[in-house]
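Listed below are the residues making up each chain.
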Amino acid sequence: MREMMQNMREAALKAILESEDVDSLESLRVRYLGKKGELTGILRQMGKLSAEERPRMGQLANQLRAELETALEQRRAALKEALLEARLREEALDVTLPGTPAVLGHKHPMYNVLDQIKSIFLSMGFEIVDGPEVELAEYNFTKLNIEESHPSRDWTDTFYFTPDSRVLLRTQTSPMQIHAMETKPLPIRMIAPGRVYRKDEVDATHSPMFHQIEGMVIDKGVTMSDLKATLNLVVEKIYGKGTVTRFRPHHFPFTEPSCELDIQCHKCGGRGCPTCKGEGWIEVLGAGMVHPKVLAGCGIDPDVYSGWAFGMGLERLAMGEYKITDLRLIFENDVRFLEQF
Ligand code: DAH
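Keep in mind that this is a model prediction, so the values were computed, not measured. Within each chain, residues carry numbers counting from 1 in the order of the written sequence. Local features in this predicted model are restricted to residues whose pLDDT is 70 or higher, and side-chain atom pairs enter the listing and the counts only when it is 80 or higher, whereas totals over whole chains, interfaces and linings include all residues. Where side-chain values are given, they derive from all heavy atoms of the structure, hydrogens and water being excluded.

### A few points about the overall build of the protein
Turning to step 1, where the next piece is worked out: Along its length, the protein carries 12 helices and 9 strands.
Turning to step 2, where the next piece is worked out: Against the compact-globule benchmark of 20 Å for 341 residues, the protein has a radius of gyration of 44 Å, which places it well outside the compact range.
Turning to step 3, where the next piece is worked out: Viewed in the frame of its principal axes, the protein has a C-alpha envelope of about 135 × 50 × 40 Å.
Turning to step 4, where the next piece is worked out: Throughout this description, buried means an accessible area under 20% of the type-specific maximum (1.4 Å probe, protein chains only), exposed means over 50%, and partly exposed covers the range between. Burial statistics for the protein: of 341 residues in total, 38% are counted as buried. Helix and strand assignments come from DSSP, with helices taken as H or I runs of at least 4 residues and strands as E runs of at least 2, each series counted from the N terminus. C-alpha atoms define the radius of gyration in this analysis, and the globule rule sets the expected value at 2.2 Å times the number of residues to the power 0.38.

### Things to note about the nonpolar core
Turning to step 1, where the next piece is worked out: Ile117, Leu231, Leu285, Trp308 and Phe310 are the most contacted members of the largest nonpolar core, which has 41 residues in total.
Turning to step 2, where the next piece is worked out: Breaking this core down by element, the ones donating at least two residues are α5 (109-123), β5 (209-219), α8 (224-239), β7 (255-264), β8 (281-290), β9 (306-313), α10 (314-322) and α12 (335-338).
Turning to step 3, where the next piece is worked out: Tallying contributions element by element places α5 first for this core, with 6 residues.
Turning to step 4, where the next piece is worked out: Here, nonpolar core means buried Ala, Val, Leu, Ile, Met, Phe, Trp, Tyr and Cys residues that are tied together by side-chain atoms lying within 4.5 Å of each other. Among the nonpolar cores identified, the runner-up in size contains 25 residues, and Ala137, Leu168, Ile218 and Val294 belong to it.

### Some points on the site of the ligand
Turning to step 1, where the next piece is worked out: If a single non-hydrogen atom of a residue is within 4 Å of a molecule or strand, that residue counts as near it. Around the ligand, the structure places 15 residues, and the nearest of them are Gln172, Ser174, Gln177, Arg198 and Glu214.
Turning to step 2, where the next piece is worked out: Within the contact set of the ligand, an oxygen atom lies 2.6 Å away from a side-chain nitrogen or oxygen of glutamate 214.
Turning to step 3, where the next piece is worked out: Working definition of accessibility: Shrake-Rupley area with a 1.4 Å probe, residue cover restricted to the visible protein chains. Expressed as a share of its isolated accessible area of 360 Å², the protein-covered part of the ligand is 89%.
Turning to step 4, where the next piece is worked out: Those elements that place two or more of their residues in the shell around the ligand are β5, β8 and β9.
Turning to step 5, where the next piece is worked out: Any residue that is not Ala, Val, Leu, Ile, Met, Phe, Trp, Tyr, Cys, Pro, Asp, Glu, Lys or Arg is counted as polar, Gly included; the first ten are nonpolar and the last four charged. Tallied by class, residues from the shell around the ligand come to 5 nonpolar, 8 polar and 2 charged. Any pair of N or O atoms that falls within 3.5 Å is considered a polar contact. Within protein, one atom must be able to donate a hydrogen and the other to accept it, and sequence-neighbouring residues count only if both atoms are side-chain atoms.

### Re the state of the cysteines
Where two cysteines share a covalent bond between their sulfur atoms, that bond is called a disulfide.
Turning to step 1, where the next piece is worked out: Disulfide assignment relies on a single distance test, namely cysteine sulfur atoms paired within 2.5 Å. Counted according to the given criterion, the structure contains 0 disulfides.
Turning to step 2, where the next piece is worked out: Cysteine 273 takes part in no disulfide bond, and the closest cysteine sulfur, belonging to cysteine 268, lies 3.6 Å away.
Turning to step 3, where the next piece is worked out: Residue class for cysteine 273 comes out buried when judged on its relative accessible area of 14%.

### Re unusual backbone geometry
Turning to step 1, where the next piece is worked out: Put simply, leucine 186 and proline 187 share a cis peptide bond, and its omega is -5°.
Turning to step 2, where the next piece is worked out: Along the chain, proline 187 falls in the loop between α7 (175-183) and β4 (188-197).
Turning to step 3, where the next piece is worked out: The omega torsion across glutamate 256 and proline 257 is -5°, close enough to zero to call that bond cis.
Turning to step 4, where the next piece is worked out: One non-glycine residue, lysine 277, lies in the positive phi region at around 55°.
Turning to step 5, where the next piece is worked out: Within the fold, lysine 277 resides in the loop between β7 and β8.
Turning to step 6, where the next piece is worked out: Phi angles above zero are rare outside glycine, and asparagine 333 is one such case at about 60°.
Turning to step 7, where the next piece is worked out: Its location among the elements puts asparagine 333 in the loop between α11 (328-332) and α12.
Turning to step 8, where the next piece is worked out: Judged by its relative accessible area of 43%, asparagine 333 falls in the partly exposed class.

### Considerations on the sheet that holds β9
Turning to step 1, where the next piece is worked out: Strands were regarded as paired on the criterion that DSSP finds at least two bridges between them. Strand order in the open sheet made by the 7 strands is β1-β4-β5-β9-β8-β7-β6, with mixed pairing throughout. Every interior strand has two partners, whereas the edge strands, β1 (127-128) and β6 (245-252), have only one.
Turning to step 2, where the next piece is worked out: The sheet strands contacting α7 are β4, β5, β8 and β9, and the helix crosses β4 at an angle near 140°. When checking whether two residues touch, look at their non-hydrogen atoms; a contact exists if any pair is within 4.5 Å. Axes here refer to lines fitted to C-alpha atoms; in helices the fit is confined to the stretch in contact. Angles between the N-to-C directions go from 0 to 180 degrees.

### A few points about the packing of aromatic side chains
Turning to step 1, where the next piece is worked out: Any Phe, Tyr or Trp ring, taking Trp's six-membered ring, that has another such ring centre within 6.5 Å forms a pair; planes under 30 degrees apart are called stacked, those over 60 apart edge-to-face, and the others tilted. In total, this model carries 8 aromatic pairs according to the counting rule given.
Turning to step 2, where the next piece is worked out: With a centroid separation of 4.8 Å and 20° between ring planes, the pair formed by tryptophan 155 and tyrosine 160 is classed as stacked.
Turning to step 3, where the next piece is worked out: Its relative accessible area of 39% is what places tryptophan 155 among the partly exposed residues.
Turning to step 4, where the next piece is worked out: For the ring pair tyrosine 322 and phenylalanine 341, a centre distance of 5.0 Å and an interplane angle of 65° mean the geometry is edge-to-face. One end of the pair, tyrosine 322, is in helix α10; the other, phenylalanine 341, is in the segment after α12, and 19 residues separate them in sequence.
Turning to step 5, where the next piece is worked out: Here the aromatic residues Phe121, Phe126, Trp308 and Phe310 are joined through ring pairs into a cluster of three or more.
Turning to step 6, where the next piece is worked out: Lysine and arginine charges are scored as sitting over a ring when NZ or CZ, respectively, is within 6 Å of the ring centre and within 35 degrees of the ring normal. For lysine 143, the ring lying beneath its charged end belongs to tyrosine 139, and the centroid distance is 5.2 Å.

### Focus: the environment of leucine 144
Turning to step 1, where the next piece is worked out: Relative to the assigned elements, leucine 144 resides in the loop between α6 (137-140) and β3 (167-169).
Turning to step 2, where the next piece is worked out: Judged by its relative accessible area of 0%, leucine 144 falls in the buried class.
Turning to step 3, where the next piece is worked out: Spatially, the C-alpha atoms of leucine 144 and proline 175 are 7.2 Å apart, while their sequence positions differ by 31 residues.
Turning to step 4, where the next piece is worked out: Beyond its immediate sequence surroundings of up to four residues, leucine 144 is in contact with Tyr139, Gln172, Ser174, Pro175, Gln177, Ile178, Pro253, Phe254 and Val294.

### Focus on helix α4 (residues 53-90)
Turning to step 1, where the next piece is worked out: By this rule, a helix spans an expected 1.5 Å times one less than how many residues it contains. Helix length check: α4 (38 residues) gives 55 Å between terminal C-alpha atoms against 56 Å at 1.5 Å per residue, within 8%.
Turning to step 2, where the next piece is worked out: For α4, the complete set of buried residues consists of Met57, Gly58, Ala61, Leu64, Leu68, Ala71, Leu72, Arg75 and Leu79.
Turning to step 3, where the next piece is worked out: Summarising the contacts, the buried residues of α4 are in contact with α1 (2-18), α2 (22-33) and α3 (38-44).

From the geometry alone we can't say anything about function, so treat these as descriptive.
Written out as structure tokens, the structure reads:
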């Protein structure tokens with residue numbers, strides 16, 4: 001019996017040491033120490049032993065059980081430790097490795113142009129104001145002296161929110177003139193850049209959303225020559241010294257007199273080319289002297305104060321400056337396009 005236990009001890013210890021995972025350890029425990037295990041099997045034969053041998057064998061069996069239990073426990077701990085180490089090795093993060101750099105964009109080309117214009121007007125003492133894109137028809141049209149029957153008020157041209165045509169998406173930044181006159185102390189020198197909305201189909205030169213910059217000066221003794229001098233200066237700063245301008249008579253309901261400002265095509269010098277569509281001139285903005293009715297409607301006495309205003313399209317300006325031929329490129333935000341600026 002002693003020999004049987006000896007053999008079992010060696011076999012069990014070897015198997016325990018060689019086991020590779022916790023599951024096989026458990027089956028070894030069952031096999032050797034379980035209720036129906038080998039040790040129990042050996043002990044069953046105790047009956048054959050003499051009375052003095054029995055306790056000795058019993059003691060040996062207990063020692064063996066303890067020894068195997070310890071071996072099992074040690075092996076289990078070793079396996080657990082190895083498992084943890086393997087996992088740590090596998091999941092190791094080398095914080096000294098160089099990272100993947102995040103791709104940084106840059107300012108949109110149109111906002112470069114806007115920033116340039118802002119700084120020109122800031123340097124002349126204008127303030128920059130911001131206002132609502134969801135606007136009342138009263139501000140977008142009525143207070144700007146735009147009559148009820150004007151085509152731009154049509155539902156086919158303008159995005160309305162309410163069936164009574166009272167609330168809309170502003171179609172121009174000109175309502176900012178009214179907001180400024182109603183809220184600001186005189187004199188006023190302001191520009192108001194922002195989004196405007198019209199029911200246009202998208203094509204190379206049209207989009208239902210685009211940007212305008214409104215400008216306005218209200219003071220005593222302001223005349224058309226102030227308008228011309230200021231806008232000529234702005235054009236020179238944007239397009240370069242010596243750029244030839246032309247103030248062409250036009251009509252806007254909220255200015256009197258009204259004009260449009262053209263610049264001589266910088267590409268062909270006025271001879272006519274694809275850039276100016278053969279005209280020799282490029283239209284830059286609409287402008288005029290603020291209509292006395294508009295001043296009076298805002299509580300400003302037109303006999304004491306006068307003013308001028310202008311409105312220009314920002315996309316068109318950016319397209320001219322960067323030789324962009326399709327308006328859609330400005331809004332698509334395709335990185336391959338934006339990267340070029
Ligand atoms: N709001 C006009 C438009 O969208 C542009 C404009 C013309 C603005 C004359 C003005 C102005 O301030 O005086 O076509």
